[in-house]
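# Observations on the three-dimensional arrangement
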Amino acid sequence: DDQIRSLLLVVTFRDNIGSNHPLISTLEVLQRSDAVNITSIQVGNMDSESINSLTAYSLRMMPRFTRPLSEAVMLKTGGNALFALQLLIMLVDSGLLWFSLVSRRWEWDLDKINARDIADNVVELMTTKLLRLDPEVHGALRVAAAFGMQCQEELLRILDRVDDEDWDEILLPGGGRETRLLVNEGRSIERLLDIAVSEGLMARSGSAYRFSHDQIRSAAYLLIPESRRKAFHLRIGRCLWKWSEAEEMEMFLFVVVDQLHRGVDLIDDRDEKINLAQLCLLAGQKEFDMSGFLCASVYLKAGIGLLVENDWNQHRTLCLDLHNSCAETEFILGDFGAMQEHLEQVLIRGQSLREKLRAYHTLVQSLGAQGNLSDAINTCIKVLNHLGEVIHEPTPEAVTADVIAARKLSENITEESLMEVKAMEDPDKMEAMRFLNILSVYVYFENLQYLPVIICRMVCLSLLHGVCRESAVAFANYGLIVLCTTRDYHSGYRYGKLAISLLERFQAKEFYARTHGIVNGYLNNWVEPIQTCLPTHKNAVEVGLLTGDTTFAMVNAQLYIGAALHTGKKIGPLLEEVEIYSKQMIEYHQLSMHKFIKPIHQVILNLMGHSEDPTKLVGEEMDGEDLLSNAEEGGNKAITSVVFFNKMWISYLFGLYDNAFSFAEKNRVVENHKRPRFHIVCNHTFYRALAALALGRKTKEGKWRTIAHKAIEQMKLWAVTTEWNTQHKLELLNAEYAYLMGDFGHAVKAYTSAAETAAKHRFIHEQALALERAGIFHLESGDQAAASDLFSQACNCYQQWGANAKVKHIQ
């Protein structure tokens with residue numbers, strides 16, 4: 001909920017849980033991060049006054065009457081609240097505390113209470129109390145404690161079905177036949193636990209039984225001798241496994257695996273270990289599907305731990321599935337070292353390409369994620385060659401032929417007809433689509449000339465051999481190719497719509513982030529209002545993280561940040577989102593995306609007034625010069641372009657027109673970029689022209705008019721396809737051009753139209769800019785009153801946007 005700006009979380013825990021407990025580790029990480037304010041409140045045991053108040057309240061007596069008793073309770077319990085309450089109950093049960101009908105109040109034998117040996121802690125006390133219950137209730141409590149703090153009724157009902165031998169072992173270890181027959185009269189663990197509920201030891205919550213306190217659960221668990229605990233868990237696991245119906249086994253899979261693994265050291269039968277390994281695989285896959293990647297890794301590693309060398313011969317599929325699934329999970333978690341070990345097992349032991357394909361797919365993804373793009377590309381091409389999809393050098397002639405072939409097959413496809421295309425069935429073609437899909441990701445960043453060849457191959461395979469999940473990505477990318485090569489924005493937009501239709505047809509959530517990243521990041525903004533892409537980008541981040549597509553989750557985060565800054569979104573809340581996404585990029589090792597947002601992050605800080613010089617990308621987030629020099633030395637043109645773009649923009653906003661135009665000239669590559677993003681290309685043209693118009697008024701040179709005129713003509717073309725995003729920009733360019741040419745009447749109307757249109761289309765930052773430029777026009781024309789009013793309106797808009805530095809600049 002982006003309307004919630006704050007969250008208060010109250011966590012209670014005992015300080016004896018140990019420094020290695022996950023909660024302590026998490027709190028330490030949060031404290032070091034400075035991301036949250038943590039206040040620790042040490043809550044000790046109750047003092048004498050509090051224990052007396054508790055005692056008086058429990059007995060419904062005046063505190064002055066209960067003080068002698070409470071002092072004894074304090075001495076015995078040390079002020080532990082649970083201990084004190086349980087001690088009072090124990091005193092009633094033992095007859096040392098009773099209600100007198102004569103005096104009509106509680107009375108006690110203080111001397112005997114003081115002389116009575118009391119357990120040293122609450123666990124011992126609870127154990128003593130539990131031992132006074134019937135043996136079969138002990139058994140039920142042991143079963144409940146074996147499951148943890150709570151257990152489901154359905155689990156208990158499964159155990160009710162077991163045979164007599166298992167029932168005796170679980171409920172009545174050491175009990176005689178007479179006791180067993182007595183229980184069998186109404187065999188029900190629930191009935192036995194209801195006795196514990198009546199004693200206050202447990203509570204019922206919906207369809208579950210829950211221990212009233214974890215110390216009570218500890219006491220119940222101690223009823224199982226330590227030497228027999230592994231056997232006890234193993235027995236419960238085996239019973240659940242044997243007596244569960246299929247639906248119950250699906251529901252309680254994690255519980256069954258957990259119980260079995262607690263006693264796995266006692267399993268000698270090889271077949272049982274293999275069956276347990278199969279259950280671990282199922283549990284791991286189920287956790288993976290629910291995005292529980294860490295838990296999935298634990299289950300899968302447990303399954304691998306049950307394998308021996310001979311299993312690679314007798315249970316080959318199981319071995320391959322466990323190692324592949326574990327490697328995939330570790331890839332998502334960023335544990336590349338462990339992932340590599342499991343992949344090597346598959347690649348070394350695999351006897352055919354078919355057995356190795358899944359491992360190769362994970363290997364390629366991991367190479368890409370770690371920045372080894374060349375190795376990732378070469379491995380993909382090698383696998384594709386074996387699958388019969390040979391990738392040739394992308395000569396201009398070959399690329400043109402591929403684009404034409406794909407265009408002929410797809411030009412008449414509609415959303416309706418695409419839904420009627422059969423699904424792909426050929427396994428080799430389906431594998432080829434998987435590797436072509438991932439190859440397209442890496443050539444996009446490393447070897448762009450291959451991209452048209454790969455995408456056109458995917459489109460042709462989809463239309464000739466049937467569509468599949470990867471076809472959504474193919475059509476999205478093909479729309480980008482069409483847009484880049486022809487500047488046919490509506491055709492690119494159409495292919496984007498086809499891609500979304502395929503995404504929905506196959507419910508291909510694993511490609512949601514990537515497909516929407518392309519469609520909303522590169523295609524839709526040339527037609528639709530740019531603001532419409534923001535919710536989808538944010539959703540794509542969430543879906544990407546849930547499905548393990550961390551790369552394109554962070555790509556969408558970067559696309560969102562870049563677009564949001566130029567939609568007029570308030571930059572205060574945007575800064576908070578940038579900081580969150582920045583940390584996620586580091587956490588998920590997506591360092592390339594992190595570099596892309598650094599300049600944007602610093603621009604936001606500059607605009608908010610958190611930099612000594614708002615015109616320089618230097619501050620708490622980055623040093624623009626260092627990033628630029630490193631990018632230039634490394635040949636990273638994409639980062640270089642981002643830095644130049646933001647330097648141009650910030651320089652113009654703060655009146656450094658020479659610098660703005662200079663940075664724009666260094667970044668002319670965006671005008672013919674092979675992957676044009678609307679807000680980058682459009683704003684580059686817009687602010688380059690605005691800088692030229694300002695310099696034209698200063699120098700009177702004709703070249704500035706020529707540059708501005710070309711930009712206006714281009715903006716007119718864009719206004720035809722995406723009027724919402726460009727009309728106010730066109731009006732402001734017309735106003736500045738009219739001012740340069742001395743047509744003051746036209747200038748006034750155009751400034752007004754630019755501000756009104758920007759406001760109507762929710763571009764508050766460019767509404768502010770139009771008002772500011774109009775103010776400068778009136779100031780230089782000698783109308784100080786009008787200028788002052790316009791500057792005041794501009795400041796108000798900048799203030800709403802959050803750009804305090806611009807407010808100060810105007811003032």
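Position labels on residues start from 1 in each chain and follow its written sequence. Side-chain atom pairs in this predicted model are given and counted only at pLDDT of 80 or more, local residue features only at pLDDT of at least 70, and totals for whole chains, interfaces and linings cover all residues. Excluding hydrogens and water, the side-chain figures rest on all heavy atoms present in the structure.

## A word on the overall build of the protein chain
Using the following cut-off: For the purposes of this entry, the term helix denotes a DSSP run of H or I that reaches at least four residues, the term strand denotes a run of E that reaches at least two, and both are numbered from the N terminus. Atoms considered for the radius of gyration are the C-alpha atoms alone. The globule rule reads 2.2 Å times the number of residues to the power 0.38. Buried means the residue's accessible area, taken with a 1.4 Å probe over protein chains only, is under 20% of the maximum for its type, while exposed means over 50%, and partly exposed covers the values in between. Using a 1.4 Å probe, the Shrake-Rupley method yields the accessible areas, and only the shown protein chains count as cover for residues.
Per the secondary structure count, the protein chain includes 43 helices and five strands. Against the globule reference of 28 Å for 811 residues, the protein chain gives a C-alpha radius of gyration of 35 Å, more extended than a compact globule. Once the C-alpha set of the protein chain is aligned to its principal axes, its extents read approximately 110 × 75 × 45 Å. Counting over 811 residues, the protein chain shows a buried share of 53%. When the accessible surface of the protein chain is summed, it comes to about 37,500 Å², and 51% of that surface belongs to carbon and sulfur atoms.

## Here's the deal with the nonpolar core
Note the cut-off: Here, the term nonpolar core denotes a set of buried Ala, Val, Leu, Ile, Met, Phe, Trp, Tyr and Cys residues that are joined through side-chain atoms within 4.5 Å. We call two residues contacting when some pair of their heavy atoms lies within 4.5 Å.
If you look at the biggest cluster of nonpolar residues, it comprises 253 residues, and the most contacted ones within it are Leu141, Leu193 and Leu607. Contact partners of Leu607, with chain neighbours within four places excluded, come to Ile571, Trp649, Ile650, Leu653, Phe654, Trp801, Gly802, Ala803, Asn804, Ala805 and Lys806.

## What to know about a negative patch on the surface
Using the following cut-off: Residues forming no salt bridge and having over 30% relative accessible area are the ones grouped into patches, like charges within 9 Å of each other and nonpolar side chains (Val, Leu, Ile, Met, Phe, Trp, Tyr) within 5 Å. Salt bridges, as used here, are contacts in which a Lys or Arg side-chain nitrogen is within 4 Å of a carboxyl oxygen on Asp or Glu. Only four residue types enter the charge count, namely Lys and Arg as positive and Asp and Glu as negative; His and the chain termini do not. By convention, charge coordinates are those of NZ in Lys, CZ in Arg, CG in Asp, or CD in Glu.
Negative charge collects at one region of the surface, where Glu415, Glu416, Glu420 and Glu504 lie side by side. Tallying contributions element by element places helix H24 (residues 415-420) first for the negative patch, with three residues. Structurally, Glu415 is set in helix H24. Using a relative accessible area of 38% as the deciding quantity, one classes Glu415 as partly exposed.

## Regarding the packing of aromatic side chains
What counts here: Working definition: a ring pair exists when centres of Phe, Tyr or Trp rings (six-membered ring for Trp) sit within 6.5 Å. Plane angles under 30 degrees give stacked, over 60 give edge-to-face, the rest tilted.
Going through the model one piece at a time under the given rule, you end up with 22 aromatic pairs. Centre to centre, the rings of Tyr739 and Phe744 are 5.8 Å apart; their planes meet at 70°, and the pair counts as edge-to-face. On the basis of relative accessible area, Tyr739 is assigned to the buried category, the value being 10%. Aromatic side chains Tyr798 and Trp801 sit 6.3 Å apart centroid to centroid with 40° between the ring planes, which places their arrangement in the tilted category. In this pair, Tyr798 and Trp801 both sit in helix H42 (residues 784-801), three residues apart, roughly one turn of the helix. With a relative accessible area of 0%, Tyr798 lands in the buried category. Each residue in the set Trp649, Tyr652, Tyr657, Phe686, Tyr687, Tyr798 and Trp801 is aromatic and connected to the rest through ring pairs, giving one cluster.

## Things to note about the sheet that holds strand S5 (residues 208-211)
For clarity, the threshold we go by: At least two DSSP bridges between two strands are required for those strands to pair. Between N-to-C directions, angles span 0 to 180 degrees; the directions come from axes that are lines fitted to C-alpha atoms, helices contributing only their stretch in contact.
Read across the sheet, three strands follow the order S3-S5-S4 without closing on themselves; strand pairing throughout is antiparallel. Edge positions in the open sheet fall to strand S3 (150-152) and strand S4 (202-205), since each of these has one partner strand only. For this sheet, the mean inter-axis angle between neighbouring strands, taken without regard to orientation, is 25°. Bridge count for S4 against S5 is four bridges, and the pairing is antiparallel. From the neighbouring strand, Arg204 faces S5, where its bridge partner is Tyr209. Along the sheet face, helix H11 (residues 189-198) touches S3, S4 and S5 and points at about 115° away from the line of S4.

## Comments concerning a nonpolar patch on the surface
Side chains of Leu7, Leu9, Val11 and Phe13 sit close together on the surface and give an oily, nonpolar patch of about 460 Å² of accessible area. Take Val11: it is sitting in the segment before helix H1 (22-33).

## Considerations on the pattern of salt bridges
Tallied over the entire structure, the rule returns 37 salt bridges. A salt bridge links Glu190 to Arg157, with the nearest nitrogen and oxygen atoms 2.7 Å apart. Residue Glu190 is found in helix H11, and its partner Arg157 is found in helix H8 (residues 153-159); the two are separated by 33 residues along the sequence. With a closest N to O distance of 3.8 Å, Glu190 and Arg204 form a salt bridge. With Glu190 in helix H11 and Arg204 in strand S4, this residue pair connects regions lying 14 residues apart in the sequence. According to the relative accessible area criterion, Glu190 is buried, its value standing at 11%.

## A look at the confidence of the model for the protein chain
For clarity, the cut-off: Per-residue confidence from the predictor is given as pLDDT, running between 0 and 100.
Chain-level pLDDT for the protein chain is 89 on average; 94% of the residues reach the 70-or-more range. Between residues 176-184, whose pLDDT stays under 50, and residues either more than four places distant or in other chains, the model counts 13 contacts.

## Digging into the packing of helix H21 (residues 353-369) against helix H22 (residues 373-386)
Here is the rule we go by: Here roughly perpendicular refers to angles of 65 to 115 degrees, roughly parallel to angles under 35, roughly antiparallel to angles over 145, and oblique to all remaining angles. It is the rotation of the near helix from the far one that decides the hand of a crossing: anticlockwise by less than a right angle makes it left-handed, clockwise makes it right-handed.
Interhelical geometry of H21 versus H22 gives an angle of 160° and a closest axis separation of 8 Å. Compared by their axis directions, H21 and H22 come out roughly antiparallel. In this structure, H21 crosses over H22, and the sense of that crossing is left-handed. The segment H21 lies against H22, with Leu353, Leu357, Tyr360, Val364, Leu367 and Gly368 engaging Leu373, Asp375, Ala376, Thr379, Cys380, Lys382, Val383 and His386.

## A few points about helix H30 (residues 533-547)
Under the convention used in this document: Expected span of a helix: the number of residues minus one, times 1.5 Å.
Between its terminal C-alpha atoms H30 stretches 21 Å, which fits the 21 Å expected from 15 residues at 1.5 Å a residue. All of the buried residues in H30 are Cys533, Leu534, Thr536, His537, Ala540, Val541, Val543, Gly544 and Leu545. Turning to H30, the residues buried within the fold contact helix H17 (293-305), helix H29 (512-523), helix H31 (550-565) and helix H32 (571-587). Phi turns positive one or two residues past the end of H30, at Gly548, with a value near 90°.

## Describing the packing of H21 against helix H25 (residues 427-446)
Selection rule: The residue classification treats Ala, Val, Leu, Ile, Met, Phe, Trp, Tyr, Cys and Pro as nonpolar and Asp, Glu, Lys and Arg as charged. All others, Gly included, are polar.
Where H21 contacts H25, the two axes come as close as 10 Å, and the packing angle between them is 10°. The orientation of H21 with respect to H25, classified from their angle, is roughly parallel. Contacts between H21 and H25 involve Arg354, Leu357, Tyr360, His361, Val364, Gln365, Gly368 and Ala369 from the first element and Pro427, Asp428, Glu431, Arg434, Phe435, Ile438 and Tyr442 from the second. Of the residues contributing to the contact of H21 with H25, the split by class is eight nonpolar, three polar and four charged.

## Let's talk about the environment of Glu389
Test applied: Pairs of N or O atoms within 3.5 Å make up the polar contacts considered here, provided that, within protein, one atom can donate a hydrogen while the other can accept it, and that residues adjacent in sequence are counted only when both atoms are side-chain atoms.
Looking at the element boundaries, Glu389 is found in the loop between H22 and helix H23 (396-410). It is 9.2 Å that separates the C-alpha atoms of Glu389 and Leu436, two residues lying 47 residues apart in sequence. Not counting chain neighbours up to four residues away, the residues in contact with Glu389 comprise Leu384, Lys429, Ala432, Arg457 and Leu461. In terms of polar contacts, Glu389 uses its side chain to reach the side chain of Lys429, at 2.8 Å.

## Thoughts on unusual backbone geometry
Here the phi dihedral of Arg60 falls at roughly 55°; this positive angle occurs in a residue that is not glycine. Examined against the element boundaries, Arg60 turns out to sit in the loop between helix H2 (48-59) and helix H3 (63-77). In this structure Arg60 comes out as exposed when scored by relative accessible area, which is 62%.

## Observations concerning the environment of Val73
Structurally, the position occupied by Val73 is in helix H3. Exposure remark for Val73: the relative accessible area of 1% places this residue in the buried category. Residues Val73 and Phe83, spaced 10 residues apart in sequence, show a C-alpha to C-alpha distance of 9.1 Å. In this structure Val73 touches Ile51, Gly78, Ala84, Leu87 and Leu88, once residues within four positions along its chain are discounted.

## Side note on H21
With 17 residues, H21 should reach 24 Å at 1.5 Å per residue; the first-to-last C-alpha distance of 23 Å fits that figure. Buried residues belonging to H21 abut helix H19 (316-333), helix H20 (336-349), H22 and H25.

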